[in-house]
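Below are the chains, spelled out letter by letter.
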Amino acid sequence: MSRPWTVLIVLSVAEVLGMALWFSASAVLPALTQEWGLTESSRAWMTMAVQLGFVTGALISAFLNLPDILSPRLVFAGSALLGAAVNAAIPLWAQGPEVAIPLRFLTGAFLAGVYPPGMKIMATWFERGRGMALGVLVGAVTLGTALPHLIAALGTPDWHRTMYTASALSVAAALLAVTVIREGPLRVPSPPFQWRYVLRTWRDPALRLANFGYLGHMWELYGMWTWLPLFLLESFRLSGMPDGRAAAGLVAFAAIGIGSLGCVVAGILADRYGRTLMTIVSMVASGACSLLIGFFFGGSPVLVVLIALAWGSVVVADSAQFSTSVTELGDPAYAGTALSTQVALGFLLTLASIRLLPVLVGWIGWRYA
């Protein structure tokens with residue numbers, strides 16, 4: 001196996017393990033709601049705090065050019081360890097959302113040092129086939145994001161163990177980054193600190209269009225990823241399915257996790273047929289699934305599951321291609337800064353869609369929300 005592929009595989013495994021922190025609390029929201037008496041707002045903030053923390057961490061990283069000035073694998077390892085620590089502090093110390101939400105914010109801030117630096121490391125190994133390689137990496141991020149749902153569904157009802165397990169996986173990711181992962185031959189010399197490059201990414205027409213496409217993608221993605229488990233749970237209950245909670249958790253894991261396959265397939269096709277075409281196809285398909293699934297709410301569980309799986313396979317497929325465009329169209333010396341800027345703005349927008357969905361559910365119900 002060639003060296004680039006070895007690094008890509010190990011880096012992907014590290015991303016799966018590190019990103020398990022993202023939905024570690026969201027996966028156990030039913031248990032937290034019962035134990036802490038969470039309100040609708042508190043439930044939303046358990047996920048929104050991670051998004052806001054990620055935005056804050058990514059913006060700080062971008063303005064300081066950290067992924068480009070410092071070794072990205074050391075940034076990755078340090079961030080994974082710190083994220084594991086603050087995530088584990090929730091089951092260890094938190095007795096309610098007043099402590100848990102700030103800790104979730106810190107978890108998100110440290111995850112900003114896991115996701116973009118991983119993409120930067122990958123870009124130092126691949127020039128040809130970069131779309132496919134980044135598709136593999138974003139697929140790994142997607143699988144890692146889905147992992148807590150599987151841990152919660154198959155594990156014990158004790159939510160503490162689910163969160164401790166996610167932290168242990170993130171520690172393993174840090175160890176991989178330090179001991180195995182290295183930057184490739186396409187690495188450019190560390191550039192000087194230049195906060196103005198963040199603004200330059202928006203002055204360049206091509207980069208600006210790639211970023212606008214990414215924003216549209218993110219608006220849908222995290223609204224779906226955050227609330228699909230609860231949508232499924234309520235749909236299964238309405239249809240009369242017994243033990244709907246376990247089924248909803250397993251289907252949510254499958255629907256989010258199958259996006260990893262969609263990322264890889266979209267990356268291969270984008271390298272062959274063009275990124276613009278693949279992003280358009282992916283967004284049209286995911287939008288169609290979003291419109292369709294509501295009409296089957298409370299109906300046949302089989303049809304709901306099939307649409308959820310189809311939606312999950314395409315909703316994240318375009319993500320890697322927007323990020324690949326940034327690495328190809330921008331200054332290679334500031335690729336980490338450009339990626340951090342892109343993901344920071346995208347995740348900032350997700351705060352609106354995550355908060356808006358439960359409000360719409362209260363007004364018009366799950367079917368139309």
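Rules used in this analysis
- Residues numbered from 1 in each chain as written.
- Predicted model: local features only at pLDDT ≥ 70, side-chain atom pairs only at ≥ 80, totals over all residues.
- Heavy atoms only, no water.
- 1 Å grid on protein atoms, 1.4 Å probe; cavity = no way out; pocket = protein on both sides within 12 Å on 5 of 7 lines; lining within 4 Å.
- Points joined across faces, edges and corners; volume = space filled by probe spheres on them.
- Helix = DSSP H or I, 4+ residues; strand = E, 2+ residues; numbered from the N terminus.
- Nonpolar A, V, L, I, M, F, W, Y, C, P; charged D, E, K, R; others polar.
- Axes fitted to C-alpha atoms, helices over the stretch in contact; angles between N-to-C directions.
- Parallel < 35°, antiparallel > 145°, perpendicular 65-115°, else oblique.
- Left-handed = near helix turned anticlockwise from the far one by under 90°.
- Contact = heavy atoms within 4.5 Å.
- Buried < 20%, exposed > 50% of the residue type's maximum accessible area, 1.4 Å probe, protein only.
- Arc of directions from axis to C-beta.

Quick look at empty space enclosed by the protein
Next up, step 1: For the coordinates displayed, the defined rule picks out two cavities of 30 Å³ or more.
Next up, step 2: Of the pockets and cavities examined, the largest cavity occupies roughly 70 Å³.
Next up, step 3: Contributing to the lining of the largest cavity are 13 residues, with Y115, L221, Y222, W225 and S319 lying nearest its centre.
Next up, step 4: Every element with two or more residues in the lining of the largest cavity is listed here: α8 (130-154) and α11 (205-238).
Next up, step 5: Per element, the largest residue contribution to the lining of the largest cavity is six residues, and it comes from α11.
Next up, step 6: Its residues assigned to classes, the lining of the largest cavity shows 10 nonpolar, three polar and no charged.

Notes on the packing of helix α5 (residues 72-93) against helix α6 (residues 97-111)
Next up, step 1: Across the interface, α5 lies against α6 with an axial gap of 8 Å and an inter-helix angle of 165°. Considering their axes alone, α5 and α6 lie roughly antiparallel with respect to each other. Note that α5 runs across α6; the crossing there is left-handed. Residues S79, L82, G83, V86, N87, A89 and I90 of α5 form the contact with α6, whose own contacting residues are A100, L103, R104, L106, T107 and F110.
Next up, step 2: Counted by class, the contact of α5 with α6 contains eight nonpolar, four polar and one charged residues.

Here we look at the packing of helix α13 (residues 259-273) against helix α14 (residues 275-293)
Next up, step 1: Following both chains from N to C, one finds α13 and α14 inclined at 140°, their axes separated by 7 Å at the closest point. Classed by the angle they form, the pair α13 and α14 counts as oblique. For the pair α13 and α14, contact is made by A266, L269, A270, D271 and Y273 and by R275, L277 and M278, respectively.
Next up, step 2: Grouping the amino acids of the contact of α13 with α14 by side-chain chemistry returns six nonpolar, no polar and two charged.

With respect to helix α2 (residues 29-36)
Side chains that are three or four residues apart share a direction in an α-helix, a result of its 3.6 residues per turn.
Next up, step 1: L29, L32 and W36 are the residues of α2 that are buried. Each buried residue of α2 lies within a common arc of 60° when the element is viewed along its axis, so the set occupies one face.
Next up, step 2: Following α2 by one or two positions, G37 adopts a phi angle in the positive range, close to 65°.

So, the side chain of S286
Next up, step 1: With respect to the secondary-structure elements, S286 resides in helix α14.
Next up, step 2: Excluding residues that lie within four positions of it along the chain, S286 makes contacts with E220, W311, V314 and V315.

Topic: the layout of surface pockets
Next up, step 1: Put simply, the largest pocket is a space of about 720 Å³.
Next up, step 2: Along the walls of the largest pocket sit 31 residues, with A27, V28, P30, A31 and R245 positioned nearest its centre.
Next up, step 3: When residues in the lining of the largest pocket are grouped by element, the largest group, eight residues, is from α11.
Next up, step 4: Among the residues forming the lining of the largest pocket, the class breakdown is 17 nonpolar, nine polar and five charged.
Next up, step 5: Size it by volume and the second largest pocket reaches roughly 490 Å³.
Next up, step 6: What lines the second largest pocket is a set of 21 residues, and nearest its centre among them are S290, W311, L357, Y368 and A369.
Next up, step 7: Looking at the lining of the second largest pocket, the element that brings in the most residues is α11, giving seven residues.
Next up, step 8: Its residues assigned to classes, the lining of the second largest pocket comprises 15 nonpolar, four polar and two charged.

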